[in-house]
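Residue-level structural notes
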Amino acid sequence: MPRYHGPLLTRTLGDTLRAARDAGASTWTGSLDLGRSGDTATLTETHWDWQGIRFPYPEKLKDRTLYRWDGEAFEPISRYAGKLIKLVPTEWDVPTFEIDGIKMLPTSKASPLDDARQKVALVQPAGKTVLDTCGGLGYFAACCLDAGAARIQSFEKNEDVLWLRTLNPWSPDPDAPEYGGRLQLAHADVSQAIRALPDGSFDAALHDPPRFGIAGELYSQVFYDQLARVLKRGGRLFHYTGSPNKLTSGRDVPREVAKRLEKAGFRAELALDGVLGVRR
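A quick note: this is a predicted structure, and the numbers were derived from the prediction, not measured. (Residues numbered from 1 in each chain as written. Predicted model: local features only at pLDDT ≥ 70, side-chain atom pairs only at ≥ 80, totals over all residues. Heavy atoms only, no water.)

Another aspect to go through is the packing of helix H2 (residues 112-122) against helix H3 (residues 139-146). In the contact formed by H2 and H3, the axes pass within 9 Å of each other and the chain directions differ by 60°. Taken together, H2 and H3 sit at an angle that is classed as oblique. Like other packed secondary-structure pairs, H2 and H3 cross with a definite hand, here right-handed. Seen from H2, the contacting residues are Pro112, Leu113, Ala116, Arg117, Lys119 and Val120; seen from H3, they are Tyr139, Phe140, Ala142, Cys143, Cys144 and Asp146. Tallied by class, residues from the contact of H2 with H3 come to nine nonpolar, no polar and three charged. (Axes fitted to C-alpha atoms, helices over the stretch in contact; angles between N-to-C directions. Helix = DSSP H or I, 4+ residues; strand = E, 2+ residues; numbered from the N terminus. Parallel < 35°, antiparallel > 145°, perpendicular 65-115°, else oblique. Left-handed = near helix turned anticlockwise from the far one by under 90°. Contact = heavy atoms within 4.5 Å. Nonpolar A, V, L, I, M, F, W, Y, C, P; charged D, E, K, R; others polar.)

Tallied over the entire structure, the rule returns 16 salt bridges. A salt bridge links Arg229 to Asp199; its shortest N-O distance comes to 2.5 Å. Taken as a pair, Arg229 in helix H6 (residues 221-230) and Asp199 in the loop between helix H5 (190-193) and strand S15 (202-207) lie far apart in primary sequence, 30 residues in all. Look at Arg229 and you get partly exposed, because its relative accessible area is 24%. Arg260 is paired through a salt bridge with Glu256; the nearest N and O atoms lie 3.6 Å apart. Highlighted residues: Arg260 and Glu256, both in helix H8 (residues 253-264), separated by four residues, approximately one helical turn. Residue classification places Arg260 among the partly exposed positions, given a relative accessible area of 22%. Residue classification places Glu256 among the partly exposed residues on the basis of a relative accessible area of 23%. (Salt bridge = Lys/Arg side-chain N within 4 Å of Asp/Glu carboxyl O. Buried < 20%, exposed > 50% of the residue type's maximum accessible area, 1.4 Å probe, protein only.)

With respect to topology, four strands assemble into an open sheet ordered S8-S9-S10-S11, the strand pairing being antiparallel. Each edge of the open sheet is held by one strand with a lone partner, namely strand S8 (78-80) and strand S11 (102-103). One ladder, built from three bridges, connects S8 with strand S9 (residues 84-88); its direction is antiparallel. Looking at S9, one finds that Ser78 is bridged to Lys86. (Pairing = 2+ DSSP bridges.)

Right, let's get into the pairing of strand S16 (residues 231-240). When you tally the buried positions in S16, you get seven out of ten residues, the bulk of the element. Taken together, the five bridges between S15 and S16 define a ladder with parallel strand orientation. Looking at the pairing, Phe202 lines up with Leu231 of S16. With respect to chirality, the unit in which S15 leads through H6 into the neighbouring parallel S16 is right-handed. (Right-handed = clockwise from strand over helix to strand, strands pointing away.)

Considering the arrangement of structural elements, one finds Ser111 in the loop between S11 and H2. Along the backbone, Ser111 and Asp93 are 18 residues apart, and their C-alpha atoms lie at a distance of 7.8 Å. Beyond its immediate chain neighbours, meaning those up to four positions away, Ser111 contacts Trp92 and Val94.

Another point: the side chain of Arg165. Turning to its location among the elements, Arg165 is positioned in helix H4 (residues 159-167). There is no salt bridge for the buried Arg165, and the closest opposite charge comes from Asp132, which lies 5.5 Å off by N-O distance. Setting aside anything within four residues of it in sequence, one finds Arg165 in contact with Arg3, Gly135, Gly136, Leu137, Gly138, Ser171, Pro172, Leu183 and Leu185. (Lys, Arg positive; Asp, Glu negative; His and termini not counted.)

Moving on: the domain arrangement of the chain. For the chain, the assigned domains read domain 1 (8-62) and domain 2 (112-279). Centre-to-centre separation of domain 1 and domain 2, based on C-alpha positions: 38 Å. The partner domain 2 presents four residues to the five residues of domain 1 that form the contact. When residues of domain 1 are sorted by the area they lose upon contact with domain 2, Leu8, Leu34 and Arg36 head the list and together hold 88% of the total. Inspection of the region where domain 1 meets domain 2 yields zero salt bridges. Counting across the interface, domain 1 meets domain 2 through two residue pairs in polar contact (both at pLDDT 80 or more). Of the residues that constitute the side of domain 1 that touches domain 2, the class distribution is two nonpolar, one polar and two charged. (Domains from an automatic or database assignment. Buried area = accessible area lost by both parts, 1.4 Å probe. Polar contact = N/O pair within 3.5 Å; in protein donor to acceptor, adjacent residues only side chain to side chain.)

This is how it looks when you write it as structure tokens:
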């Protein structure tokens, strides 16, 4: 999918542009790509110009929504195909995403990218070949690239999530020259695709599946056996589980996961909001 390189707006940013115009400013300087870079727009009474393109002042933007320019108007970055999926701004600039209103990434204490960086550090990716099972917006992959991973093989099942990645400037582009082809991103269901991966072909793995009720197959003994098969001995795995409420769910998902990983051939311990495993 081609990448989007136009402006990204939030309600706050739209209000800021109009306020600068109303204050008589002829230019505005700030970020139109969620904090990745800064630039200057030229302001007039009826429109603003950025990178040689004329845009109207946006009206009636909603909170917790990101907008892109579709050539005629600013439209929310969302799709509905049985479920509503949308890119959602955060106070950290780095966005999260939601499916039917359920937030897919932690954002309460740190940016989703900083949160990913903590987890990636547990598998020590420098110089390693890394399996990224559920790519999402690509923050695990981005952190692996920054940390000097030799290669990352990433899978993402949801086509709409792949579309969000093309609109998110914080999602790594596999075709970007600076990555030198180290990131391979496949549109595939890893629960099926993993069966075709060679034995012992990865030094480390990152597993960030949807919650158990949505993707139980990614918490199964069968899948964990496959993870053990494709990891080299000593290979490190971080498995995100979150912290489901045991009182309401009646389950201790992290400890259940740790037991299954042990059975598959890992030494497992609780770490951060998930489980760290080392292939025996």
